[in-house]
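# Overview (structure and organization)
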Amino acid sequence: MAAVCLVLATAACKQQPSPQPGFPTPLSTPTATPALTPVPLPTPIPTPTPVYVPSKRLETSKMFNGIELHSSVETEFGTTATTDRNDPESYMLDLRLKVRVPKPDTDLSQLDTLNPFLSAALPGLATMIPGAKASHFYDDFYRHKVAMLQHNLPRLDLLLSRHNFFDCETVLELQHPDTQRRALLVQADMDVDMDGSDADRVPMVDGTITNYQPMTSYKWPKKTAVPNQFLASREAKLKQLEAELATKGLSAERSLELRTLIPQVRYEFNQLKTQSFLVATTDPFVVMPGSLITQDGQPFTPHIGDYCVVIFKNTLYPSIVGDVGPRDKIGEASYRIGKEINPRSTAYNRPVSDLKVTYLVFPNSADKPFDAPDLEKIRARCEQLLNEIGGYKGELLVWENLIKPPPTPTPSLTPAPSASPSPGTSPTAPTPTPSQGIAPQSSASASPSVTPAPVQP
């Protein structure tokens, strides 16, 4: 009998579930364990900003784009499910983002490791680098990056990827000792800009690309009556918003939203109606971040319209500063430049992923008033500016004009004057009228040109 009791007791012990790793050890029986002495809690840490994750399928590896993710689950004793369900801190994700802020390169040999042709392409660098300094633009630029990370941390889908955070190797302020010509050297990667429209030169562009904008910061007055292809859609949007604002019973929140949105759409409508812009598929231009381009009064501040030479390997690409981009991203050029550097470039495939592209901007070099870009003039001015900082070697690209010239209008037919009858001669027979069986000339053939109808987007 004693043996049977021993076997049963052993079986009961084997059926006792073992605690799962990572969870608190459960109490076996209320009478077998003495009462727990309460442990004093540490001073509570201020509650961080809540992060709300959408209620849909999310793959962590895709949500954290390029960010190294370390995760763990920590457990502690609670009270009851009813109580803990109503306490936000009982089920909490504590999110911290650790970031290393890089330092700018200031040594020419370091830049040559990124582009071995740089010193050869710009012989004057050896003269200017000893007196160059890392621009305060670099520090300001990364301050904006960190500020945007802090602002967007509750929205994980808006965080910069690791690639876009580390997109700038250096920003150097250069000045040639003899000519005093200034240049701002930016070493970065290259993304593609697809923005811009100009009905005068390029009647149709692809406006379906993600984040496409029909306007660029570089603009000039329109010269023809051909309407911008996006004008009709902006006009329709403006009328729709104004009609909604006039409806009765509109909530105060929506009314405020419309009063903010309507001026923006009206501005775009007026700009598209009166201005022409650069076109990324045909015009060579670069994009500078707003954190650099808005600092007026600084001798090295780049401005819209300033000339810029893009250097990749041993080829130099003449261009201008044509647009302003986000304050926390750098390294962007028009599709025209990207396609020339890498034929596989698209709106979604960057030409150069590594930090091997040099952007050499010449501050305060813009020609005003702005006008449609002249590719020959851009190259000539860039060549002149390069010569003012010690010259260049390699190929300074000659851009082919991809825009077809407008057709020559057909001249109007001018009827020859009829000769007056001389004295003593019989007058000539009168010119037959249409009623006499001569078909009149059609108005289409008499008009030298036909104004095209507006193109729907």
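Right above here is the structure, for reference.
The following refers to the structure shown. Values in this document were obtained by computation on a predicted structure and should not be read as measured data.

### Re the overall build of the protein chain
- Check the secondary structure of the protein chain and you find 14 helices and 11 strands.
- Every one of the 457 residues in the protein chain was classed for burial, and the buried ones make up 34%.
- Considering only residue pairs separated by 6 or more positions, the protein chain has 77% of its internal contacts joining residues 24 or more positions apart.
- Per element, the accessible surface of the protein chain, about 29300 Å² overall, is 56% carbon and sulfur.

### Here's the deal with the packing of helix H9 (residues 231-245) against helix H10 (residues 252-274)
- Running from N to C, H9 and H10 cross one another at 155°; their axes reach a closest spacing of 9 Å. With respect to H10, the axis of H9 lies roughly antiparallel. H10 is crossed by H9, and the crossing has left-handed handedness. Each of Leu231, Arg234, Glu235, Lys237, Leu238, Leu241, Glu242, Glu244 and Leu245 in H9 lies in contact with H10, whose residues at this interface are Arg254, Ser255, Leu258, Arg259, Leu261, Ile262, Val265, Arg266, Glu268, Phe269, Leu272 and Lys273.
- Class assignment of the residues belonging to the contact of H9 with H10 gives a composition of 10 nonpolar, 1 polar and 10 charged.

### So, H10
- Taking 1.5 Å of rise per residue, 23 residues should cover 33 Å, and H10 covers 34 Å from first to last C-alpha, within 8% of that figure.
- Here H10 has its buried residues at Ser255, Leu258, Ile262, Val265, Phe269, Gln271 and Leu272.
- At its buried positions, H10 is contacted by strand E4 (219-221), H9 and strand E5 (275-277).

### Some words on the packing of aromatic side chains
- This model, assessed by the stated rule, comprises 8 aromatic pairs.
- Their ring planes at 75° and their centres at 5.5 Å tell us that Tyr142 and Phe165 sit as a pair that is edge-to-face. Taken together, the residues span a long stretch of sequence, with Tyr142 in helix H7 (residues 136-152) and Phe165 in helix H8 (residues 162-165) at a distance of 23 residues. Neither Tyr142 nor Phe165 differs from the other in exposure class; each is buried.
- Judged by centre distance (5.5 Å) and plane angle (40°), the ring pair of Tyr212 and Phe230 falls under tilted. On the criterion of sequence distance, the pair formed by Tyr212 in the loop between strand E3 (182-193) and E4 and Phe230 in the loop between E4 and H9 is long-range, its members being 18 residues apart. Grouping residues by exposure puts Tyr212 and Phe230 together as buried.
- Put simply, the rings of Tyr138, Phe141, Tyr142, Phe165 and Phe166 pair up and form one aromatic cluster.
- One Lys or Arg, Lys145, reaches over the ring of Tyr142 and ends 5.5 Å from the middle of that ring.

### Observations concerning the pairing of strand E7 (residues 307-312)
- Most of E7 is tucked away: 6 of the 6 residues are buried.
- The alternating pattern of E7 places Tyr307, Val309 and Ile311 on one face and Cys308, Val310 and Phe312 on the opposite face, and all of these are buried.
- Pairing geometry for E7 and strand E8 (residues 315-325), over 6 bridges, is antiparallel. Residue pairing in the sheet places Val309 in a bridge with Pro318 of E8.

### Side note on the pairing of strand E10 (residues 352-361)
- Across the 10 residues of E10, 7 count as buried, placing the element largely inside the fold.
- Both E3 and E10 contribute to a ladder of 6 bridges, which runs antiparallel. The residue bridging Leu185 from the neighbouring strand is Leu360, located in E10.
- Pairing geometry for E7 and E10, over 4 bridges, is antiparallel. When the bridges of E10 are listed, Cys308 appears paired with Val361.

### Side note on helix H13 (residues 375-387)
- Between the first and last C-alpha of H13 there are 19 Å, a value that for 13 residues agrees with the 18 Å anticipated at 1.5 Å per step.
- The inward-facing, buried residues of H13 contact E7, E8, helix H12 (335-341), E10 and strand E11 (395-396).
- If you check the start of H13, you find a side-chain oxygen 3.1 Å away from the backbone N of Glu376, and it comes from Asp374.

### As for the side chain of Ser255
- Its place among the elements puts Ser255 in helix H10.
- With sequence-adjacent residues up to four places away left out, Ser255 is seen in contact with Leu245 and Leu250.

### Quick look at the pattern of salt bridges
- With the rule as written, the count across this model stands at 17 salt bridges.
- Residues Arg201 and Asp198 are paired through a salt bridge, measuring 2.5 Å at the closest nitrogen-oxygen approach. Of the two residues, Arg201 and Asp198, both sit in the buried class.
- Two residues, Glu257 and Arg254, come together in a salt bridge whose shortest N-O distance is 3.2 Å.

### A short note on the side chain of Thr315
- By the element assignment, Thr315 lies in strand E8.
- Those residues in contact with Thr315, other than ones at most four positions away along the chain, are Val310 and Glu395.

### Section: the environment of Asp189
- When you line up the elements, Asp189 lands in strand E3.
- Relative accessible area serves as the criterion here: at 1%, Asp189 is assigned to the buried category.
- With 168 residues separating them in the primary sequence, Asp189 and Val357 have C-alpha atoms 5.6 Å apart.
- In this structure Asp189 touches His163, Asp167, Ile330, Gly331, Val352, Ser353, Asp354, Leu355, Val357 and Tyr359, once residues within four positions along its chain are discounted.
- In terms of polar contacts, Asp189 uses its side chain to reach the side chain of His163, at 3.0 Å.

Definitions and cut-offs
- Residues numbered from 1 in each chain as written.
- Predicted model: local features only at pLDDT ≥ 70, side-chain atom pairs only at ≥ 80, totals over all residues.
- Heavy atoms only, no water.
- Helix = DSSP H or I, 4+ residues; strand = E, 2+ residues; numbered from the N terminus.
- Buried < 20%, exposed > 50% of the residue type's maximum accessible area, 1.4 Å probe, protein only.
- Contact = heavy atoms within 4.5 Å.
- Areas by Shrake-Rupley, 256 points an atom, 1.4 Å probe, with all protein chains shown as cover.
- Axes fitted to C-alpha atoms, helices over the stretch in contact; angles between N-to-C directions.
- Parallel < 35°, antiparallel > 145°, perpendicular 65-115°, else oblique.
- Left-handed = near helix turned anticlockwise from the far one by under 90°.
- Nonpolar A, V, L, I, M, F, W, Y, C, P; charged D, E, K, R; others polar.
- Expected span 1.5 Å × (residues − 1).
- Phe/Tyr/Trp six-rings, centres within 6.5 Å; stacked < 30°, edge-to-face > 60°.
- Lys NZ or Arg CZ within 6 Å of the ring centre and 35° of its normal.
- Pairing = 2+ DSSP bridges.
- Polar contact = N/O pair within 3.5 Å; in protein donor to acceptor, adjacent residues only side chain to side chain.
- Salt bridge = Lys/Arg side-chain N within 4 Å of Asp/Glu carboxyl O.

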